Amino acid sequence: MSEWPSTVRRVDPPIPVWVGVRKLLVLGTEILAPRDRAGLRIETEHPGLLFEWARREDGGLLGWVTYQLVTADDQWSRPVSHYVPAHLLRRRGPARRQQYGDYRPRTHG
């Protein structure tokens, strides 16, 4: 058996992404409990790195990512690595309007 199946593609160098952690780790009804500053902060998106793409048997894509979970008081963190559905990943970087520097499209008139 080969080390990497044909359905897995490494990303080298890794790509900075935003991971939709809030949708990945769905919050339940316990959200009504009192807040705990030592508890893990589950924000809408966490910055991470994408290391590979893997095709699911049904055709969908999963990305192998690593990101940090941090406590609300920023006193503790844990790196987390696992597959995440592609629709919960988006590339990090400058806003689209900033990617082209000073480029301005020509105007008519």
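Residues numbered from 1 in each chain as written. Predicted model: local features only at pLDDT ≥ 70, side-chain atom pairs only at ≥ 80, totals over all residues. Heavy atoms only, no water.

## Overview of the packing of aromatic side chains
Put simply, the rule reads: Stacked, tilted and edge-to-face are the three classes applied to pairs of Phe, Tyr and Trp rings, where Trp contributes its six-membered ring and a pair requires centres within 6.5 Å; stacked means planes under 30 degrees apart, edge-to-face means over 60, and tilted covers the rest. Helix and strand definitions follow DSSP, with helices as H or I runs of at least four residues and strands as E runs of at least two, each counted in order from the N terminus. Burial status follows relative accessibility: with a 1.4 Å probe on protein chains alone, a residue under 20% of its type maximum counts as buried, one over 50% as exposed, and anything between as partly exposed. Cation placement over rings: the criterion is NZ of Lys or CZ of Arg within 6 Å of the ring centroid and within 35° of the ring normal.
Taken as a whole, this structure holds one aromatic pair when the rule is applied. Geometrically, the ring pair formed by Trp-64 and Tyr-83 is edge-to-face, given 5.0 Å between the ring centres and 75° between the ring planes. Taken together, the residues Trp-64 in strand E4 (residues 61-71) and Tyr-83 in strand E5 (residues 77-85) connect sequence positions 19 residues apart. The exposure class of Tyr-83 is partly exposed, given its relative accessible area of 33%. When the ring centre of Trp-18 is taken as reference, the NZ or CZ atom of Arg-92 above it lies at 5.8 Å.

## Details of the nonpolar core
The condition that has to hold: Here, nonpolar core refers to any group of buried Ala, Val, Leu, Ile, Met, Phe, Trp, Tyr and Cys residues whose side-chain atoms link them within 4.5 Å. Contacts are assigned to residue pairs that have any heavy atoms within 4.5 Å of one another.
Core analysis: the biggest nonpolar cluster contains 15 residues, and Val-17, Val-19, Leu-50, Val-65, Tyr-67 and Leu-89 have the highest contact counts within it. For this core, the secondary-structure elements that each account for two or more residues are strand E1 (8-19), strand E3 (46-55), E4 and E5. The greatest single-element share of this core, amounting to four residues, is contributed by E1. If we skip the residues at most four places from it in the chain, Val-65 touches Val-17, Val-19, Leu-49, Leu-50, Val-80, Ser-81, His-82, Val-84 and Leu-89.

Remember that the coordinates give geometry; whether it matters functionally is a separate question.
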